[in-house]
Amino acid sequence: DLHAYADGKADAALASAKSYADTKDGENLTAAKTYADTKDAENLSAAKTYSDGKDAETLGSAKGYADLAVNTSAASLKAYTNAKIGDTGRKVVKKSYSGNVYSVTVPENEGVLSFTVTDLSAPNSLTGANYTVTFADLITESGNIPINQTDFTIHLTDTGTPVKTIDISNIDCAYVITSVTYYEKQTAAEYADTKAAAAEENAKAYGKQTFAGALKGEKLGGIVRLDDVSALDRRLDTVVSSKNIIPFPYAGGMSKTVNGVTFTVSDDGSITVNGTATSDAMIVLANNLYLEKGSYMLSGMPQIELSGKNNGGALFLFEKSNEKFHLDYSAGAIVNIEQSGYVVANIKIYAGASVENVVVKPMLECGTSSTAYTKHVSDLSGVSLKKFGKNLFHCYGISANTIEKPGAYCSLSNKYNTTIDKKALSSASDVLTVTQSAHPSETQKFSYTNGYFCIGLSNLLEGQAYTLSFDFTATDDPFSMMLNFTDSSVYVLLNGSTIAYWKRVYKNRYSVSFTYTKRTDYPLRRYIEFRLYGMSGTFSAFQLEPLSTASAYVPWSAPTTYTVGADGAVQNLSANEDVTTLATDNEGTVLKTKYSRDLNAAFTEIQNAIIALGGSF
């Protein structure tokens, strides 16, 4: 390092720049090159000359070494470290005085921070004093010192300009100067030490900020997928909580009329608003809601116009500790809580706004994106958590007709000449055989009357992205004398809308990605509909994943169910050997899981971060 290098050069050259400066120059250490130029008569090898002669061995002088080693064009170590770290190269010095000192000449300095005075007659003094600070470039700064002050400090503006003198004019008041605190230029050794310490501290701070949690994982959501859990510690610290943080019933009651506006609260937590506000009208949702430091999403306010603007009403969140407001006018609002504390939530309709059957669905949730509205879940005793592997496929029934809800009757045939060979899949190795005959009244293959069937999936979560994949093999085409699948098709529908289809199918693996949205008229339906349009075949190897693309097939198995405690904690939960997927059976809840990450996964993340910053391995 620089010190070791300098020490070595000092021994070799009889007196290095540092040694010479320490013993000869004191506070005004000259640089190695300056020393060599000015002290050559003493027959000491100048640092520059020595460095030039030994350049191949030593990589040059301190300046040259820094330039080459760190690939910088800085003219000196000071310039380089200033550019990289931004330090000023100054140190703080305090000089004390005793006795009747009314005026001081400040030692050579880089600017004065403050000076301290005391009234020797206090508390008997009846007058204050004036002071004057004269800078090296004749600029002056003056001010007043109050009466009866002991050890009173006057803080000056740090302009970086040297100060020559400090004077107290009213000496009759018995004020004296007791100390002056100023900046002094660092010696080369001090400067290097400061830079090294600052660089080390910056590196530590960056490391702590960026990589402190590298081996600790945490995930939050209605469905949590874990594929980086450490094989040495598979414990999952999991807590289930309400997705909507705003408590229900609301603090403002179930219904009220305020300033011409009526707020009617429904059992699902939504609020219907009617009337014209004679002045601001408000209903309080929560009076004393505690939020931890973090990011939240506030949503649920529809657009309300007032005087041609979309600001006739808002969903409010007010932080009590710093009196900060967060508002959702209709687009949602990200709420960054910088300090844990209590908040107030309310709905306000502004004076002059008219509303008719406007429905507000107030929602506050963790994270920075909004999800489908759900009412606050206060009682977690009836909630359970299911642990799946990679494959979430959990079929509650197969039917040739619509399955209205889990547990509803499943049919093996329908009036459109569709027959299925089973109403459920008992294991991942099961194959579903679908036989389709052409409907007597149909001559066109692509017709609804040529049959369909449904597969019920019990764990579809509102607003969640999924990918369903499966194997299909065609076995018969009743519209063709031969097994000719030129026009054969498989269509997949969700809630009556086609989300994927494939033509000219015969034998292949297919996948379809979708975001599940329940039907408002049939909210309990959770199934995928298949239409073969007159073609028979077999389905197998189903896989459902909470991802946007399909991955390699892994056989599904029945999930393990865990009880959620009254406090939301899930006991004795551990990860699978490969992929673990956790989900609750209540759409109004989310789960947060903390775990130990796999070392290789964590290291890969760190490596990628370092490369992104310009480093290499």
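Nothing here was measured: the structure is a model prediction, and the numbers come from that model.

What counts and what doesn't
Residues numbered from 1 in each chain as written. Predicted model: local features only at pLDDT ≥ 70, side-chain atom pairs only at ≥ 80, totals over all residues. Heavy atoms only, no water. Helix = DSSP H or I, 4+ residues; strand = E, 2+ residues; numbered from the N terminus. Buried < 20%, exposed > 50% of the residue type's maximum accessible area, 1.4 Å probe, protein only. Contact = heavy atoms within 4.5 Å. Areas by Shrake-Rupley, 256 points an atom, 1.4 Å probe, with all protein chains shown as cover. Disulfide = S-S within 2.5 Å. Salt bridge = Lys/Arg side-chain N within 4 Å of Asp/Glu carboxyl O. pLDDT = per-residue confidence, 0-100. Phe/Tyr/Trp six-rings, centres within 6.5 Å; stacked < 30°, edge-to-face > 60°. Lys NZ or Arg CZ within 6 Å of the ring centre and 35° of its normal. Pairing = 2+ DSSP bridges. Axes fitted to C-alpha atoms, helices over the stretch in contact; angles between N-to-C directions.

Caption draft 1: Main features of the overall build of the protein chain. The helix and strand inventory of the protein chain stands at nine helices and 37 strands. For the protein chain, the residues scored as buried account for 43% of the 617 residues in total. Residue pairs at least 24 apart in sequence account for 73% of intrachain contacts in the protein chain once pairs closer than 6 positions are excluded. By element, 50% of the accessible surface of the protein chain is carried by carbon and sulfur atoms, the whole surface being about 31100 Å².

Caption draft 2: A look at the state of the cysteines. With the rule as written, the count across this model stands at zero disulfides. The cysteine Cys 395 is free of any disulfide, with Cys 410 supplying the nearest cysteine sulfur at 7.8 Å. We classify Cys 395 as buried; its relative accessible area is 16%.

Caption draft 3: View of the pattern of salt bridges. Considering all chains together, one arrives at twelve salt bridges under this definition. Measuring nitrogen to oxygen at the nearest pair gives 4.0 Å for the salt bridge that ties Glu 218 to Lys 592. Of the two residues, Glu 218 is situated in strand S9 (residues 216-221) and Lys 592 in strand S37 (residues 589-596); the sequence distance between them amounts to 374 residues. A salt bridge links Asp 521 to Arg 519; the shortest N-O distance between them is 2.8 Å.

Caption draft 4: Up close: the confidence of the model for the protein chain. A residue-level look at the protein chain finds 75% of positions with pLDDT of 70 or above and a mean pLDDT of 79. Low confidence marks residues 43-52, where pLDDT is under 50. Its contacts with residues over four positions away, or in another chain, come to 17 contacts. Between residues 54-87, whose pLDDT stays under 50, and residues either more than four places distant or in other chains, the model counts 47 contacts.

Caption draft 5: Just the packing of aromatic side chains, in detail. Tallied over the entire structure, the rule returns 21 aromatic pairs. Taking the centre distance of 6.0 Å and the plane angle of 45 degrees together, the rings of Tyr 416 and Tyr 452 count as tilted. Placement of Tyr 416 in the loop between strand S24 (395-399) and strand S25 (418-420) and of Tyr 452 in the loop between strand S26 (432-436) and strand S27 (453-457) is noted, with a sequence separation of 36 residues between them. Summarising the aromatic geometry, the rings of Phe 453 and Phe 530 are spaced 5.2 Å apart at their centres and angled 10 degrees between planes, so their arrangement reads as stacked. A residue pair is termed long-range when its members are at least 10 positions apart, and Phe 453 in strand S27 and Phe 530 in strand S32 (residues 527-531) qualify at 77 residues. Accessibility assignment for this pair places Phe 453 and Phe 530 in one class, buried. An aromatic cluster of three or more residues is present, and its members are Phe 393, Phe 453, Phe 470, Phe 472, Trp 502, Tyr 510, Phe 530, Phe 539, Phe 542 and Trp 556. The positively charged end of Arg 90 is found above the aromatic ring belonging to Tyr 183, 3.5 Å away from the centroid.

Caption draft 6: Molecular detail of the pairing of strand S30 (residues 497-503). The sheet contact formed by strand S29 (residues 489-494) and S30 spans six bridges and is antiparallel. Looking across to S30, one finds that Val 492 is bridged to Ala 500. With antiparallel pairing between neighbouring strands as the criterion, S29 and S30 make up a hairpin whose turn holds two residues, including Asn 495 at a positive phi of roughly 55 degrees.

Caption draft 7: The arrangement of the sheet that holds strand S21 (residues 354-360) in detail. Pairing is antiparallel across the open sheet formed by four strands, whose spatial order is S12-S13-S14-S21. The open sheet has two free edges, formed respectively by strand S12 (255-258) and S21, since each of these has just one partner strand. Along the sheet, successive strands turn relative to each other by an average axial angle of 10 degrees, direction set aside. Here S12 pairs with strand S13 (residues 261-265) via four bridges, running antiparallel. Opposite Thr 257, over in S13, you have Thr 262 as the bridge partner.

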